[in-house]
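# A closer look at the structure
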Amino acid sequence: MKFTSAVGALGASSVLLSGVSAIQLDITSTDNIKQVAKSISANLRQYYTGDRVGDTPGNLPDPYYWWECGAMFNAFIDYWYYTGDDQYNGITTQALQHQIGDYDAFMPANQTKTLGNDDQAFWGMAAMTAAENKLPDLTDGSPSWLALAQAVFNTQKDRWDNATCGGGLKWQIFTFNNGYNYKNTISNGCFFNIASRLYKYLGNETYGTWAEQAWEWELSVGLMSADYHFYDGTDDTQNCSTINHIQWTYNAGVHMAGAAAMWNVTQNDLWKTRVKGLIDGASVFFKDNVMTEVACENNGKCDVDQRSFKAYLARWMGYTAIVAPWTRTYIDPLLQASAKAAAAQCTGGTNQTSCGLRWIDNGVNDGSFGVGEQMAAMEVIQALLYPTVSGPATQNNGGISTSNPDAGSDVPQTAVSFNAVTTGDKAGASILTIIVLVAIVAGAWWMVS
């Protein structure tokens, strides 16, 4: 992961700024929201080359990392779910299938040298979304979408590390990877998200128990504060005694959706309090109700990964509003203001539909274009359509994906291959090295409590 200006695969030649937007968003019109989402999705689609002859399905070109491609296809599944437009379903299915890996758990051999729990989980969450949204299962003997999410859960619960810090997931899966001693919030938060949604889908108490355990562990070590702020991670060589207090939108997002799923299943006031606390805690990421990545937008330090993080908070706010309808009075103002602000600055590129990073600049496009920026704008705009959908399916309510509770049971906990890894293969995460960590902390000292 690198700090770069995020002019990605479309290149600087596509940059054309204009004071007049080709996108006119009317948040009161379902048809208009769908059309705007369609325009922005077409621009996002242009970044993906994995379906071209000689390229690899499920990979984005440099400088994008493997995990973000999984996140992007989750966004395309959401797009189909919200709009009914299935034009991306073919490449989505192809990509997810190609990245399943030898053990049917999103652990492809070409990612071994850099595979993190969070990276695997972003593909697992995409599979879970496919199951919830009733994307047809694969029919050639490949595992179902639900089984793939179960496989990710099963492999990760087996990695739960009680040797230090009283539990938790490490960032990296294999001992030889940089960051193996870092227990980060996004890895544990994604595990919580998948466990909670599996609990909602299947009603199996095992998933709910693990979700509760992950939540309580994060709170116990300080990755989550009592007032529902989420911090980046901690060093298990110090028994998690110090915390990196930088806050990112995606940590708030994955936990919000998981907590909403837990409330939906249990109808428990404890989970209702937690969901409301998460919404209140996420206020740190909003200025005049418009979402912003506070740790890096103002100082210009957002790297390739971090430019996509708002997509996941927007995604999971929409999910939360669906499965916990009482949250809508709190979420609607944030989604609506953010969607309008995002659409207003999608003025770049030859078609004037390229979206920049900063939504808080009153319609001014900052010229920062890429997968993350485009995906974030698409997710926040299409999330406005949440009142028009029936909600995520479950096993007993419309679900069509086949369960396999033993999925992932044959995945080894040690590396099995050492394929060459290119820059484009590298998995993402918000902190890669101590040097980067120090740089971020120095740039965001005001976020430390």
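Residues numbered from 1 in each chain as written. Predicted model: local features only at pLDDT ≥ 70, side-chain atom pairs only at ≥ 80, totals over all residues. Heavy atoms only, no water.

Labelled according to an unreviewed UniProt entry, the chain appears under the name Mannan endo-1,6-alpha-mannosidase, originating from Didymella exigua CBS 183.55. Under the UniProt heading Subcellular location (unreviewed entry), the entry covering the chain gives this text: "Endomembrane system". On record in UniProt, under Sequence similarities (unreviewed entry), the comment for the chain is "Belongs to the glycosyl hydrolase 76 family." (UniProt positions renumbered as here; feature names shortened; annotations may be inferred.)

## Quick notes on the state of the cysteines
Within the structure shown, the criterion is met by 3 disulfides. With its sulfur 2.0 Å from that of its partner, Cys165 forms a disulfide with Cys240. Since a negative S-S torsion denotes a left-handed disulfide, the Cys165-Cys240 link at about 85° is right-handed. Residue Cys165 is found in the loop between α5 (145–157) and β1 (182–184), and its partner Cys240 is found in the loop between β2 (233–235) and β3 (243–244); the two are separated by 75 residues along the sequence. (Disulfide = S-S within 2.5 Å. Helix = DSSP H or I, 4+ residues; strand = E, 2+ residues; numbered from the N terminus.)

## Some points on the packing of helix α10 (residues 309–323) against helix α12 (residues 371–382)
Two numbers describe how α10 lies on α12: the axes approach to 7 Å, and their chain directions differ by 15°. When the interaxial angle is binned, α10 and α12 end up roughly parallel. The hand of the α10/α12 crossing is left-handed. Two secondary-structure elements touch here, α10 through Lys310, Ala311, Tyr312, Ala314 and Arg315 and α12 through Met375, Ala376, Glu379 and Val380. Its residues assigned to classes, the contact of α10 with α12 comprises 6 nonpolar, no polar and 3 charged. (Axes fitted to C-alpha atoms, helices over the stretch in contact; angles between N-to-C directions. Parallel < 35°, antiparallel > 145°, perpendicular 65-115°, else oblique. Left-handed = near helix turned anticlockwise from the far one by under 90°. Contact = heavy atoms within 4.5 Å. Nonpolar A, V, L, I, M, F, W, Y, C, P; charged D, E, K, R; others polar.)

## Overview of the sheet that holds β2
Reading across from one edge, β1-β2-β3 is the order of the 3 strands in this open sheet, with antiparallel pairing throughout. At either end of the open sheet lies a strand with only one pairing partner, and these are β1 and β3. Packing of helix α6 (residues 185–202) onto the sheet brings it into contact with β1 and β2, and relative to β1 it is tilted by some 45°. (Pairing = 2+ DSSP bridges.)

## Some points on the packing of aromatic side chains
What characterises a pair of aromatic rings is the spacing of the ring centres plus the angle enclosed by the ring planes. For the coordinates displayed, the defined rule picks out 29 aromatic pairs. Where Tyr250 meets Phe309, the ring centres are 3.7 Å apart and the plane angle is 10°; that geometry is what we call stacked. With Tyr250 in helix α8 (residues 249–266) and Phe309 in helix α10, this pair connects stretches of sequence that are 59 residues apart. The pair Tyr250 / Phe309 is uniform in exposure class, with both members buried. Taken together, Trp67, Phe122, Trp248, Tyr250, Phe309 and Tyr312 form an aromatic cluster joined through their ring pairs. We note Lys272 situated over the ring of Trp326; from NZ or CZ to the ring centre the distance is 5.1 Å. The residue whose ring lies beneath Arg274 is Trp271, and the NZ or CZ to ring-centre distance is 4.4 Å. (Phe/Tyr/Trp six-rings, centres within 6.5 Å; stacked < 30°, edge-to-face > 60°. Buried < 20%, exposed > 50% of the residue type's maximum accessible area, 1.4 Å probe, protein only. Lys NZ or Arg CZ within 6 Å of the ring centre and 35° of its normal.)

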